[in-house]
Each structure stands twice: as structure tokens, then as C-alpha cells.
Amino acid sequence: GHLTFCAGSEEGPTSCTPMPAIEGDNGTSGLAVADVNGDERADVVQADAMLPAGTGGLRLWLGPEGGLSETPLIITPDRLGLDEVASADAAFGSSVDAGPLDADEYADIVTGAPGTDAEEGAVAVIRGGPEGYAGSGHAVVRSGDLDSGSRFGSNLALLRLPGGDGKVLNLIVAASGTDVERSVAAVDGEGRTRILPDVASVVQGSAGGMRLGRTAGR
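What you see is a predicted model; the values in this text were computed from it and never measured.

S.K.: I keep staring at the pattern of salt bridges and nothing clicks. Help me out?
M.R.: This model, assessed by the stated rule, comprises seven salt bridges. Measuring nitrogen to oxygen at the nearest pair gives 3.4 Å for the salt bridge that ties Asp104 to Arg127. Of this pair, Asp104 sits in the loop between strand E7 (96–99) and strand E8 (108–113) while Arg127 is found in the loop between strand E9 (122–126) and strand E10 (139–141), placing the two residues 23 residues apart along the sequence. For Asp104, a relative accessible area of 30% corresponds to the partly exposed category. The closest approach of N and O atoms between Arg151 and Glu119, which form a salt bridge, is 3.3 Å. Here Arg151 is found in the loop between E10 and strand E11 (152–159), whereas its partner Glu119 is found in helix H2 (residues 116–119), with 32 residues between them in sequence. Its relative accessible area of 25% is what places Arg151 among the partly exposed residues. A cluster of three or more residues bridged by salt bridges with shared partners is formed by Glu84, Asp117, Glu120 and Arg142.

S.K.: I'm lost on the state of the cysteines in this one. Help?
M.R.: Joining two cysteines, a disulfide is a covalent bond between their sulfur atoms. Following the criterion strictly, the structure yields one disulfide and no others. Covalent S-S linkage joins Cys6 and Cys16, the inter-sulfur distance amounting to 2.1 Å. The chirality of the disulfide connecting Cys6 with Cys16 is right-handed, given an S-S dihedral of about 105°. Placement of the pair is Cys6 in strand E1 (residues 4–7) and Cys16 in strand E2 (residues 15–18), with a sequence separation of 10 residues.

S.K.: Explain the pairing of strand E13 (residues 184–187) here, please?
M.R.: Regular strands show a simple pattern: their side chains alternate between the two faces of the sheet. Side chains Val184 and Ala186 project from E13 onto one buried face, and the interleaved Ala185 and Val187 project onto a second face that is buried too. The sheet contact formed by strand E12 (residues 170–175) and E13 spans four bridges and is antiparallel. Residue pairing for E13: Val173 is matched across the bridge by Ala185. In this sheet, strand E14 (residues 193–195) lies alongside E13 in antiparallel orientation, the contact comprising three bridges.

S.K.: I would appreciate a short explanation of the nonpolar core in the present structure.
M.R.: Here is a general trend for soluble globular proteins: nonpolar side chains tend to be buried in one another's company. Counting 23 residues, the largest nonpolar core has Leu58, Phe92 and Ile109 as its most contacted members. Those elements that provide at least two residues to this core are strand E3 (30–34), strand E4 (43–48), strand E5 (57–61), E7, E8 and E9. Counting residues per element, this core draws most heavily on E9, which supplies three residues. By size, the runner-up hydrophobic cluster in this structure holds 14 residues, among which are Val123, Val125, Val173 and Ala185.

S.K.: Sorry, what's going on with the sheet that holds E11 here?
M.R.: Picture the strands of a sheet paired through backbone hydrogen bonds; they go either parallel or antiparallel. Pairing within the open sheet is antiparallel, and its four strands lie in the order E11-E12-E13-E14. At either margin of the open sheet sits one strand with a lone partner, and together these are E11 and E14. In this sheet, adjacent strand axes meet at a mean angle of 25° when their direction is disregarded.

Here is what the cut-offs are and how they apply
Residues numbered from 1 in each chain as written. Predicted model: local features only at pLDDT ≥ 70, side-chain atom pairs only at ≥ 80, totals over all residues. Heavy atoms only, no water. Salt bridge = Lys/Arg side-chain N within 4 Å of Asp/Glu carboxyl O. Helix = DSSP H or I, 4+ residues; strand = E, 2+ residues; numbered from the N terminus. Buried < 20%, exposed > 50% of the residue type's maximum accessible area, 1.4 Å probe, protein only. Disulfide = S-S within 2.5 Å. Pairing = 2+ DSSP bridges. Core = buried A, V, L, I, M, F, W, Y, C linked by side-chain atoms within 4.5 Å. Axes fitted to C-alpha atoms, helices over the stretch in contact; angles between N-to-C directions.

Quick look at the structure:
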């Protein structure tokens, strides 16, 4: 995997710049774009489930005027004090998204660690802050009613679901290792998880993949 930045213009992107590898490693298991440091410019979160040495981590490329920072901030579970998802097989950074989960001026980062506790899985919530991420307040979300092998956090998305206040997003988490009736969960702002019923067993997608956005209100 790799990360390439293509600057936009009135005619669309016209040139691209590969971002430098860190110590020869620039793997990517997911990308997200949001303003995590509150400077009104988008930042890029590059997830890498193999960084470092298989523990998993994130590279946060801040977005100053004129492009991306030349060197990313490295975010790992131990730097956040999240020991629950810091094991070598947790696969922290397997999935990632970013957006407002609270009412402050900083977007927050959510990333999956589906290998946690014999693949029961977990999701880390990383609060944004003026330096890129806050010094405290980070948390781990667990499903509460899934077993080992469920791989909760194998994929996730932040969506604006009906019934919310319109200011913060809802977290939707997939658990790829469990049966289909219990494979998707919604997490509210208090960290409570509820399994969404009646999930289809097969969803046909295009060869280019999918991107989730605002729901239609149903």
C-alpha cells in the first residue's frame, strides 16, 4: 500500500505527489479525511494494521496551507494509553474513519482493532485536538454481546443517521466473523452498542468499491 496526494484545482487534480515512506514502510489498510486539529483544513489519516511490527497504528498527515505536512504524526495504542488494543495481534488500524463524534471543533478518529481478545474485536475512538489528537479522553468501544472470532471493527463508517441532532455522526461497525443476523452494530454517543437486525447476507458492489455518505433518512 501507499499514499499519494493529488492537489485539487479549478480543473480538478492536475498532479500527484507520493507521500514519503516512514522507515521504509508506507503500508495502508484504510484512509480518512477530516479536520482533526480545528484549523479549517482537511487532514489525512492513513491507517496501517502492520505498523509497527504488526501492532498496528495510524499516520496523521496534517493539512497546512499548500498541501500535506512532510512528516506524519504516528499514533499507536501505547501512545494513547489504550492497552486493550495494544497487543501484537490486535490489528489496530484495520479500518478507519474520521468526523465529529462530539460537539467540539475537532473531528475525531475511529479505527478498528478486530484481532483484539481472540478476535472478539474492538474499536478505538481517538479525540481530535489542536496538535492533531487530544492528550486524553480516548476510549475503546466493545460490542458487549459478541464472542471470540467475531472480528468486531473489521470495517466501520461514520454516518449521520435519522434521529440525531445533526451536529455529530453515528458510528456503524461491522463484525465480519459472526453470523449475518448480528454482523452490524450501531454505537451512540455514550458508547452503547446495539446490533442492527435483518442485515442482508450478500450486497452486490461495483469493482471500484463503495463510499458511504449521508443517509436518505430511512
